[in-house]
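Examination of the molecular architecture
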Amino acid sequence: MIEKPDDIKSIDDRIQKIKNKEEMDNKHSDFSNWAIGLQISIELVSGVIVGYGVGYILNEIFDLNDIFVICLTILGGIAGFFNVERYLKKADNEKTKR
């Protein structure tokens, strides 16, 4: 069998390292997709819950007919959407840097 020259061996080793790194990146991409989905869900739900909680407290203090609950729950949902948008832009920028 013919022995490979050293420079070809080093090139072959580099190619193998790159292939292994790509395989690891593909394995981690499934996890990162789950993480992104979980983060989006948390952002949306937490905005609504915080808005509802603050609205409920203000209704108890000022004794109004659920006006604060309705308004602040809607505002919390809107804030959740803005947080999701900001998070997705940040995640997209990180993916394009790779």
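Preceding this paragraph is the structure being described.
Here goes a summary of the coordinates provided. (Residues numbered from 1 in each chain as written. Predicted model: local features only at pLDDT ≥ 70, side-chain atom pairs only at ≥ 80, totals over all residues. Heavy atoms only, no water.)

1. Remarks on helix 2 (residues 67–97)
The condition is simple: Helix and strand labels come from DSSP, where a helix needs a run of H or I of at least four residues and a strand needs a run of E of at least two; each type is numbered from the N terminus. To estimate how far a helix should reach, multiply one less than its number of residues by 1.5 Å. In this scheme, a residue with accessible area under 20% of its type's maximum is buried, one over 50% is exposed, and one in between is partly exposed, where area comes from a 1.4 Å probe on protein chains only.
With 31 residues, helix 2 ought to run about 45 Å at 1.5 Å a step, and its terminal C-alpha atoms sit 45 Å apart, in line with that. All buried positions along helix 2 are accounted for by Val 69, Gly 76, Gly 77, Gly 80, Val 84 and Ala 91.

2. A look at the environment of Val 48
Applied cut-off: In what follows, residue pairs with any heavy atoms lying within 4.5 Å of each other are defined as contacts.
Its place among the elements puts Val 48 in helix 1 (residues 6–62). Val 48 sits in the partly exposed class, given a relative accessible area of 34%. Each C-alpha atom of the pair Val 48 and Thr 73 lies 5.3 Å from the other, and the pair is 25 residues apart in sequence. Residue contacts for Val 48: discarding those within four places in its chain leaves Thr 73, Gly 76 and Gly 77.

3. Some points on the pattern of salt bridges
Applicable threshold: A carboxyl oxygen of Asp or Glu within 4 Å of a side-chain nitrogen of Lys or Arg is what we treat as a salt bridge.
Within this structure, the stated rule accounts for 1 salt bridge. Between Lys 89 and Glu 85 there is a salt bridge, and its shortest N-O distance comes to 3.6 Å. Of this pair, Lys 89 and Glu 85 both sit in helix 2, 4 residues apart, which is roughly one turn of the helix. Its relative accessible area of 52% is what places Lys 89 among the exposed residues.

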